[in-house]
Amino acid sequence: MQVDNQTAQFDDLQLIALPTAVSCAEMFVRFTLAEWSLRDLTSVATSVSGALVQGAVDDADSTTPGMLTVRLRLAGGSLVVEVERDPSARCPETAPDLEEGRTGVDSGRTGAPLVWCEVPLPGQQAASAVPLPKRERRASAEAARWADQPDEVDPAVWDKLLSGLGGSPSGGKHAE
């Protein structure tokens with residue numbers, strides 16, 4: 001039997017590599033797993049995401065911490081928790097040893113360091129069998145209200161904006 005490792009669903013969140021990123025990542029994991037009807041994995045996945053994000057934060061330069069992306073993927077029979085570090089970040093030599101699942105270090109899509117942990121889905125469930133939410137793209141009431149407005153901006157508004165920022169398109173002085 002061939003295992004399907006194709007990604008069935010993913011969601012991600014970008015954060016600044018500061019200590020607050022750990023709790024933000026854990027909250028993102030709890031919300032996403034509730035939305036994906038995988039609450040049974042919440043404890044394990046929040047522990048894994050917390051450890052992976054903490055590692056990225058610990059390795060980040062506190063003066064210029066950079067960004068990191070926390071990504072959850074459903075693939076094959078697993079939930080994959082990934083933390084992709086800023087491309088300028090140091091790549092860890094080894095993946096953390098987590099008892100919750102198989103871990104690894106790779107290059108992400110952008111060549112940035114990517115640390116991951118693969119956690120088996122409950123009951124040998126396949127990712128394609130997870131009941132995922134159906135989302136419809138719809139405009140908010142406010143967006144619908146403004147939909148018939150022209151996209152053009154009055155040139156006088158641009159002049160006022162640019163002069164307020166210290167430069168004028170005509171090179172003149174701004175009014176006081």
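In this text, all values refer to a predicted model and were calculated from it rather than measured experimentally.

Asker: Help me get a handle on the overall build of the protein chain, residues and values and all.
Answerer: Of regular secondary structure, the protein chain possesses four helices and five strands. Across the protein chain, helices and strands are ordered from the amino to the carboxyl terminus as β-α-α-β-β-β-β-α-α. Intrachain contacts of the protein chain at a sequence separation of at least 6 include 65% that bridge at least 24 residues. For the protein chain, the accessible surface area stands at approximately 11600 Å², while carbon and sulfur atoms represent 51% of it.

Asker: Can you tell me about the side chain of serine 78, naming the residues and giving the values?
Answerer: Tracing the backbone shows serine 78 in strand 3 (residues 78-85). Using a relative accessible area of 11% as the deciding quantity, one classes serine 78 as buried.

Asker: Requested: an account of helix 2 (residues 42-59), with residues and values cited.
Answerer: Its 18 residues place the ends of helix 2 26 Å apart at the C-alpha level, agreeing with the 26 Å of an ideal helix rising 1.5 Å per residue. Among all positions of helix 2, only Thr42, Ala45, Thr46, Val48, Ser49, Gly50, Leu52, Val53, Ala56 and Val57 are buried. The inward-facing, buried residues of helix 2 abut helix 1 (20-35), strand 2 (67-75), strand 3 and strand 5 (113-120).

Asker: Please provide a residue-by-residue account of the nonpolar core, values included.
Answerer: Grouped together as the largest cluster of nonpolar side chains are 31 residues, with contacts concentrated most on Leu33, Leu52, Val53, Leu68, Leu74, Leu79 and Leu121. Taken together, the elements giving at least two residues each to this core come down to helix 1, helix 2, strand 2, strand 3 and strand 5. What valine 53 contacts, discounting residues up to four positions off in sequence, is Ala21, Val22, Ala25, Leu68, Val70 and Val83.

Asker: Could you give an account of unusual backbone geometry, naming the residues involved and the relevant values?
Answerer: Backbone geometry at serine 37 places phi at a positive 60°, although glycine is not the residue there. Along the chain, the position of serine 37 falls in the loop between helix 1 and helix 2. A residue is classified by how much of its surface remains accessible, and serine 37, at 46% relative accessible area, is partly exposed.

Asker: Break down the confidence of the model for the protein chain for me, with residues and values.
Answerer: Close inspection of predicted coordinates is inappropriate for parts of the model with low pLDDT. Summary statistics for the protein chain give a mean pLDDT of 82 and a share of 85% for residues scoring 70 or more. Between the elements of the protein chain, mean pLDDT differs from a low of 71, seen in helix 3 (residues 141-146), to a high of 95, seen in helix 1.

Asker: How would you sum up a nonpolar patch on the surface? Please name residues and give values.
Answerer: Together, Trp158, Leu161, Leu162 and Leu165 make up an exposed nonpolar region whose accessible area comes to about 410 Å². Tracing the backbone shows leucine 161 in helix 4 (residues 155-164). The class of leucine 161 is partly exposed, set by a relative accessible area of 44%.

Asker: Break down the pattern of salt bridges for me, with residues and values.
Answerer: In total, this model carries six salt bridges according to the counting rule given. For arginine 85, the salt bridge identified is with aspartate 59, shortest N-O distance 2.8 Å. On the criterion of sequence distance, the pair formed by arginine 85 in strand 3 and aspartate 59 in helix 2 is long-range, its members being 26 residues apart. Judged by relative accessible area, which is 32%, aspartate 59 ranks as partly exposed. Where salt bridges share partners, they join Asp12, Arg71, Arg73, Glu82 and Glu84 into one cluster.

Asker: Can you tell me about the side chain of glutamate 84, naming the residues and giving the values?
Answerer: With respect to the helices, strands and loops of the structure, glutamate 84 is situated in strand 3. Side chain to side chain, glutamate 84 and arginine 71 meet in a polar contact 3.0 Å long.

Conventions and cut-offs
Residues numbered from 1 in each chain as written. Predicted model: local features only at pLDDT ≥ 70, side-chain atom pairs only at ≥ 80, totals over all residues. Heavy atoms only, no water. Helix = DSSP H or I, 4+ residues; strand = E, 2+ residues; numbered from the N terminus. Contact = heavy atoms within 4.5 Å. Areas by Shrake-Rupley, 256 points an atom, 1.4 Å probe, with all protein chains shown as cover. Buried < 20%, exposed > 50% of the residue type's maximum accessible area, 1.4 Å probe, protein only. Expected span 1.5 Å × (residues − 1). Core = buried A, V, L, I, M, F, W, Y, C linked by side-chain atoms within 4.5 Å. pLDDT = per-residue confidence, 0-100. Patch = residues over 30% accessible without salt bridge, like charges linked within 9 Å, V, L, I, M, F, W, Y side chains within 5 Å. Salt bridge = Lys/Arg side-chain N within 4 Å of Asp/Glu carboxyl O. Polar contact = N/O pair within 3.5 Å; in protein donor to acceptor, adjacent residues only side chain to side chain.

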